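Commentary on secondary and tertiary structure
Here is how the chains run, residue by residue.
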Amino acid sequence: MPPLRTALLQSSGRPGSVARNIEVLDAAAGRAAAAGARLLVCPEMFLTGYAIGDDVPRLAEAADGPAAQAVAAIAARHGLAVHYGYPERDGERIFNAAQLIGPDGVALANYRKTHLFGGFEQQWFTPGEQPVVQAELDGVRIGLMICYDVEFPENVRAHALAGTDLLLVPTAQMHPFEFVAESVVPVRAFESQLYIAYVNRTGPEGEFEFVGLSCLAGPDGTVRTRAGRGEELVLGDVDPALLTGSRAANPYLRDRRPGLYGSLV
């Protein structure tokens, strides 16, 4: 099975303008496809911006709303899957969500953030209740997660036990928590034996200063590609052969003793 070339779009787009952010996504999808990517991953809340305050209810859309249809058209036109963050409206509830659209424009999976970070998110969003959401792309089992979720090792381990090969983590990682991108994410990939695509926003936005540092971390604990602090599109390969070899050599999942872990719950 050939590697799955994955593009990470590190960008904050234009907060508050869904139309402009769709244009940014379209341009990035064209560059990613030209570089051989089969998957483009965007940051948390990319379609609307993160620090949008009271505009959350106005900008939230259903998972099959107009913005989703526009992203589906982009994915189909460029022939690559697109994973993007957005505020999802479901009746009176709003979720911090991320959706994966396949290269044919068909929705593959939708995930609602389970661990809400800080007062802003807790004010506007309802926490999701489904910790493991997966889809298949080119023979790779993909898992979905958002930002703060990856900082809980139980979350990532649940994906490992469910067979996730590549975990997509759109994020809004802010100063002074750079160590999450630099240290925590590669460790999570190693301890649970999977790839993690961690894709951040960048620059000032409202009260936040997003730090970039998006990365694709491998199951051997190494960072396969890393962005800097500014707007950037970086690419890396998810190699099934490396994943198979790493899992065979690393005993973490085989040596677990779940019977001892009852106190965790």
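Residues numbered from 1 in each chain as written. Predicted model: local features only at pLDDT ≥ 70, side-chain atom pairs only at ≥ 80, totals over all residues. Heavy atoms only, no water.

1. Structural notes on the layout of surface pockets
Stated formally: Space inside and on the surface of the protein is sampled on a 1 Å grid over the protein atoms alone, with a cavity defined as a set of points where a 1.4 Å probe fits but cannot get out and a pocket as an open set with protein on both sides within 12 Å along at least 5 of 7 lines; lining residues have an atom within 4 Å of a point. Grid points are joined across faces, edges and corners, and a volume is the space filled by probe spheres set on the points. Secondary structure elements follow DSSP: runs of H or I of four or more residues count as helices, runs of E of two or more count as strands, with numbering from the N terminus. Residue polarity follows a fixed list, in which Ala, Val, Leu, Ile, Met, Phe, Trp, Tyr, Cys and Pro are nonpolar, Asp, Glu, Lys and Arg are charged, and the others, Gly among them, are polar.
Looking at the largest pocket, its volume works out to about 340 Å³. Lining the largest pocket are 13 residues; nearest its centre among them are Glu154, Arg157, Arg256, Tyr261 and Leu264. At the level of secondary structure, the elements contributing two or more residues to the lining of the largest pocket comprise helix H5 (153-161) and helix H6 (178-192). Ranked by residues supplied to the lining of the largest pocket, first place goes to H5 with five residues. The class makeup of the residues in the lining of the largest pocket is eight nonpolar, one polar and four charged.

2. Describing a nonpolar patch on the surface
Our working definition: Patch building starts from residues that exceed 30% relative accessible area and form no salt bridge, then joins like charges within 9 Å and nonpolar side chains (Val, Leu, Ile, Met, Phe, Trp, Tyr) within 5 Å. Surface accessibility in these figures is a Shrake-Rupley result with a 1.4 Å probe; residues are shielded only by whichever protein chains are displayed. We count a salt bridge whenever a side-chain nitrogen from Lys or Arg sits within 4 Å of a carboxyl oxygen from Asp or Glu.
Taken together, the side chains of Leu260, Tyr261, Leu264 and Val265 define a hydrophobic patch exposed on the protein surface, amounting to about 480 Å² of accessible area. Relative to the assigned elements, Leu264 resides in the segment after helix H8 (252-255).

3. As for the packing of aromatic side chains
Heads up, the condition is: Two rings belonging to Phe, Tyr or Trp (six-membered ring only in the last case) form a pair when the distance between their centres is within 6.5 Å. Interplanar angles under 30 degrees mark stacking, angles over 60 mark edge-to-face geometry, and anything in between is tilted. In this scheme, a residue with accessible area under 20% of its type's maximum is buried, one over 50% is exposed, and one in between is partly exposed, where area comes from a 1.4 Å probe on protein chains only.
Under the criterion given, the structure shown has eleven aromatic pairs. Their ring planes at 75 degrees and their centres at 5.4 Å tell us that Tyr50 and Phe208 sit as a pair that is edge-to-face. Residue Tyr50 is found in the loop between strand S2 (39-41) and helix H2 (56-59), and its partner Phe208 is found in strand S11 (residues 208-211); the two are separated by 158 residues along the sequence. Across the pair, Phe208 and Tyr50 agree in class, each one buried. On the basis of an interplanar angle of 85 degrees and a centroid distance of 5.8 Å, the ring pair of Tyr50 and Phe210 is categorised as edge-to-face. Of this pair, Tyr50 sits in the loop between S2 and H2 while Phe210 sits in strand S11, and the two are 160 residues apart along the sequence.

4. Comments concerning the packing of helix H1 (residues 18-34) against helix H3 (residues 66-78)
Cut-off, in case you're wondering: Convention adopted: a line fitted to C-alpha atoms gives each axis, helices being fitted over their contacting stretch, and angles between N-to-C directions are expressed from 0 to 180 degrees. Reported orientations rely on four angle classes, namely roughly parallel under 35 degrees, roughly antiparallel over 145, roughly perpendicular from 65 to 115, and oblique for the rest. The crossing is said to be left-handed when, going from far helix to near helix, the turn is anticlockwise and less than a right angle, and right-handed when the turn is clockwise. We call two residues in contact when some of their heavy atoms are within 4.5 Å.
Contact geometry of H1 with H3 gives a least axis separation of 10 Å together with a crossing angle of 15 degrees. What the angle tells us is that H1 and H3 run roughly parallel. Two packed elements cross with a definite hand, and for H1 against H3 that hand is right-handed. Facing Val18, Ile22, Leu25, Asp26, Ala29, Gly30 and Ala33 of H1, the residues of H3 in contact are Ala67, Ala70, Val71, Ile74, Arg77 and His78. Class assignment for the residues of the contact of H1 with H3 results in nine nonpolar, two polar and two charged.

5. A closer look at the sheet that holds strand S9 (residues 195-199)
Defined as follows: Between any two strands, at least two bridges found by DSSP are needed for them to pair.
The strand order across the open sheet built from six strands is S6-S7-S8-S9-S12-S13, with neighbouring strands paired in mixed fashion. Strands at the two margins of the open sheet, each flanked by one partner only, are strand S6 (133-137) and strand S13 (223-226). For this sheet, the mean angle separating the axes of adjacent strands, direction not counted, is 20 degrees. The pairing of strand S8 (residues 166-170) with S9 spans five bridges and is parallel. Residue pairing across strands places Pro170 opposite Val199, the latter belonging to S9.

6. As for the nonpolar core
Keep this limit in mind: As used here, the term nonpolar core means buried Ala, Val, Leu, Ile, Met, Phe, Trp, Tyr and Cys residues forming a set that is joined through side-chain atoms within 4.5 Å.
Grouped together as the largest cluster of nonpolar side chains are 45 residues, with contacts concentrated most on Leu39, Ile142, Leu166, Ile196 and Tyr198. Setting aside residues up to four positions removed in sequence, Tyr198 forms contacts with Leu8, Val150, Val169, Thr171, Gln173, Val180, Ala181, Val185, Ser214 and Cys215.

7. Focus on the environment of Ala51
Within the secondary structure layout, Ala51 lies in the loop between S2 and H2. According to the relative accessible area criterion, Ala51 is partly exposed, its value standing at 28%. Considered as a pair, Ala51 and Glu121 are 70 residues apart in the sequence and their alpha carbons are 9.8 Å apart. Other than its neighbours up to four places away in sequence, Ala51 contacts Glu205, Gly206 and Phe208.

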